[in-house]
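# A structural walkthrough
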Amino acid sequence: MQALMAQAAQIGEQLKARKEKVAVAESSSGGLISAALLSVPGASAYYLGGGVVYTPKARVMLMEIPKEALEGMRSASEPYALLLARTVRERFGATWGVSETGAAGPTGNPYGDAAGHTCVAVSGPVEFVATIETGSSDRAANMEAFAAAALELLAKASA
């Protein structure tokens, strides 16, 4: 968690300096992206909110993504990660939307992805999306790696 907090501190300073805001929709990272961003003193200057969108029910309750928007798309994919990032950014009126969706482990997900697979996305003035494969079944280590990847993508996008 210390490494995530250090990443978030750098990002937080950049966001505060530019008066930019961020919102987060994460899944298998279980809130670690938000926790890292919120560990920075003064986070209320840039962090608007977010949610752990871990299940289809959570997606409906927290994100209100219509079924039509999901046609031909599955969770833990780059298009879905980008949809989540765009949606959370729009819903919160943020400069940046960050998302993560994957399989932390120790087994894969129902969509056929192995443990250690995730897709992360950032939506804002620029958009980035990436697939991460850790090759590990260590749930906690994967959760941290997923959060780190999302924060790295946010740092790249907001640089």
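Let me begin by describing the structure that accompanies this report. Worth saying up front: this structure is predicted, and the values here are computed from it rather than measured.

Attention now goes to the nonpolar core. Judged by nonpolar contacts, the single largest core of 25 residues is most densely connected at Val22, Ile33, Leu37, Tyr46 and Val98. At the level of elements, α1 (2-18), β1 (22-26), α2 (32-38), β3 (96-103), β4 (117-123) and α5 (139-157) are the ones that each hand at least two residues to this core. In terms of residue count, the dominant contributor to this core is α5 (8 residues). With residues up to four places along the chain from it excluded, the contact list for tyrosine 46 reads Ala8, Gly12, Leu15, Lys16, Glu20, Lys21, Val22, Leu37 and Val40. Ranked by size, the runner-up nonpolar core spans 11 residues in total, among them Met63, Leu70, Leu84 and Val88.

It is worth spelling out α1 at this point. With 17 residues, α1 should reach 24 Å at 1.5 Å per residue; the first-to-last C-alpha distance of 25 Å fits that figure. For α1, the set of buried residues is Leu4, Gln7, Ala8, Ile11, Gly12 and Leu15. Take α1 and look down its axis: the buried residues cluster within an arc of 135°, on one side only. Looking at α1, the residues exposed on the side facing more than 90 degrees away from the buried face are Gln2, Ala3, Gln10 and Ala17. Elements that come into contact with the buried residues of α1 comprise β1, α2, β3 and α5.

According to the stated counting rule, one finds 6 salt bridges in the structure shown. For arginine 89, the salt bridge identified is with glutamate 90, shortest N-O distance 3.9 Å. For glutamate 90, a relative accessible area of 55% translates into the label exposed.

Within the element layout of this structure, threonine 87 appears in helix α4 (residues 78-92). On the basis of relative accessible area, threonine 87 is assigned to the buried category, the value being 12%. Beyond its immediate chain neighbours, meaning those up to four positions away, threonine 87 contacts Met63 and Ile65.

Definitions and cut-offs
- Residues numbered from 1 in each chain as written.
- Predicted model: local features only at pLDDT ≥ 70, side-chain atom pairs only at ≥ 80, totals over all residues.
- Heavy atoms only, no water.
- Core = buried A, V, L, I, M, F, W, Y, C linked by side-chain atoms within 4.5 Å.
- Buried < 20%, exposed > 50% of the residue type's maximum accessible area, 1.4 Å probe, protein only.
- Helix = DSSP H or I, 4+ residues; strand = E, 2+ residues; numbered from the N terminus.
- Contact = heavy atoms within 4.5 Å.
- Expected span 1.5 Å × (residues − 1).
- Arc of directions from axis to C-beta.
- Salt bridge = Lys/Arg side-chain N within 4 Å of Asp/Glu carboxyl O.

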